[in-house]
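A look at the structure
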Amino acid sequence: MPDQTSTHDHAQILDSAGADPRKVSLLERLRQRWWGVLLLVTAAVCILWLAMTDRLGLYIHPRYFVFTVIMALIAVALGIVSVLVHVDTEAVPKRRGRTVLQLASVVGSLAVVGSMVVLPPSTLSVATADQRSVNSGTLAGEVQGQDAQTVLTSNPDFSTFGIKDWATLLRQTTRPADLEGRAFTGVGFVIADPDAAGVFYVSRFVVNCCAVDAQPVGVPVELDGWSQELKAGDWVEVSGTLTAGDATHPLVVGTAKVDKVAEPADPYDY
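Not measured: the values here are computed from a predicted model.

Rules of the game
Residues numbered from 1 in each chain as written. Predicted model: local features only at pLDDT ≥ 70, side-chain atom pairs only at ≥ 80, totals over all residues. Heavy atoms only, no water. Core = buried A, V, L, I, M, F, W, Y, C linked by side-chain atoms within 4.5 Å. Buried < 20%, exposed > 50% of the residue type's maximum accessible area, 1.4 Å probe, protein only. Helix = DSSP H or I, 4+ residues; strand = E, 2+ residues; numbered from the N terminus. Contact = heavy atoms within 4.5 Å. 1 Å grid on protein atoms, 1.4 Å probe; cavity = no way out; pocket = protein on both sides within 12 Å on 5 of 7 lines; lining within 4 Å. Points joined across faces, edges and corners; volume = space filled by probe spheres on them. pLDDT = per-residue confidence, 0-100. Salt bridge = Lys/Arg side-chain N within 4 Å of Asp/Glu carboxyl O. Phe/Tyr/Trp six-rings, centres within 6.5 Å; stacked < 30°, edge-to-face > 60°.

Our focus in this paragraph is the nonpolar core. Within the largest apolar cluster, 24 residues are counted, with the highest numbers of intra-cluster contacts made by Trp 166, Phe 184, Phe 200, Val 202, Val 238 and Val 253. Ranked by residues supplied to this core, first place goes to helix α7 (residues 163–172) with 5 residues. If we ignore the near neighbours within four places in the chain, the residues touching Val 202 are Ile 163, Phe 184, Gly 186, Val 187, Gly 188, Phe 189, Val 217, Gly 218, Val 219, Val 221, Val 236 and Val 238. With 11 residues, the next largest nonpolar core counts Leu 58, Ile 191, Tyr 201 and Val 207 among its residues.

What follows concerns the layout of surface pockets. Reported here for the largest pocket is a volume of approximately 370 Å³. Lining the largest pocket are 19 residues; nearest its centre among them are Asn 135, Tyr 201, Pro 220, Thr 248 and His 249. Within the residue set of the lining of the largest pocket, elements represented by two or more residues are α7, β1 (183–192) and β3 (215–222). Looking at the lining of the largest pocket, the element that brings in the most residues is α7, giving 3 residues.

We now examine unusual backbone geometry. Positive phi, close to 60 degrees, is recorded for Asp 54, a residue that is not glycine. With respect to the secondary-structure elements, Asp 54 resides in the loop between α2 (26–52) and α3 (65–84). With a relative accessible area of 70%, Asp 54 lands in the exposed category.

Here we take up the confidence of the model for the protein. On average, the protein scores 76 in pLDDT, and the residues at 70 or more come to 67%. Contacts of residues 4–24 to residues separated by more than four positions or lying in other chains number 20 contacts, the stretch itself having pLDDT below 50.

Attention now goes to the pattern of salt bridges. In total, this model carries 3 salt bridges according to the counting rule given. Here Lys 260 makes a salt bridge to Asp 234, at a shortest N to O gap of 3.8 Å. A residue pair is termed long-range when its members are at least 10 positions apart, and Lys 260 in strand β5 (residues 251–260) and Asp 234 in the loop between β3 and β4 (235–244) qualify at 26 residues. Judged by relative accessible area, Asp 234 falls into the buried class, the value being 12%. Here Asp 259 and Lys 257 are joined by a salt bridge, their closest N and O atoms 2.4 Å apart. Residue classification places Asp 259 among the partly exposed positions, given a relative accessible area of 31%. Members of the salt-bridge network, linked through shared partners, are Lys 231, Asp 234 and Lys 260.

Considering all chains together, one arrives at 6 aromatic pairs under this definition. Measuring from ring centre to ring centre gives 6.4 Å for Phe 205 and Tyr 268, while their planes differ by 85 degrees; the resulting arrangement is edge-to-face. Here Phe 205, found in strand β2 (residues 199–206), pairs with Tyr 268, found in the segment after β5; they are 63 residues apart in sequence, far enough to count as distant. Neither Phe 205 nor Tyr 268 differs from the other in exposure class; each is buried. The rings of Phe 189, Phe 205, Trp 235 and Tyr 268 are connected pair by pair, giving a single aromatic cluster.

The following block contains the structure:
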């Protein structure tokens, strides 16, 4: 014999149209879950937008581009599915505080999207370089796939060297005299040397994974009065010759020709 009590209870939870109020509408499901979905889709859309505008490289290493874009597409698909797929959910009483919090989350997410669209992404600043200190981190152990001494004995084409290659070579070589007289050409931004008024670094950020771990590296340039024509953060092309320096800078770029240039489309080294 059916349990009359359970039957009666079940009847009470049916509304006048015979629908179970525990099965909430699309709007109710959105109210309960939309903030998480929106945050997920917002982040994914921002990533896709950066990729389509060739600005993703300002945040992550190029070797992660394909993986990141695929994950963003999956996130968008999952976000859409999570909204459209019907899932029975118990009705949650509306509470003013909870609604305000959800609304604040939505507004915050939209503000992030809006700022990324209105304010275009930019490279890391010279202030970040000052905080992380040029050449203070661990540089890559190789110069174009070889250790420093092998490079010196293999007579490489130095014209293909980037700022990272030069900075690594100068830091790791045990025979700085072997580099004296070498022609140097490099493009980077200016970082002042706090210990030498007549020296600045032509620098770039080296990205190993993403902008969070970016490390500023640079090559010292000796040029009296440089601060009268340049300021920290200016992008320049430096041409000169490596010459003997002092205990702090065993080698510097001397007799340098310095020209201001526009920031390159790809401002980082990898």
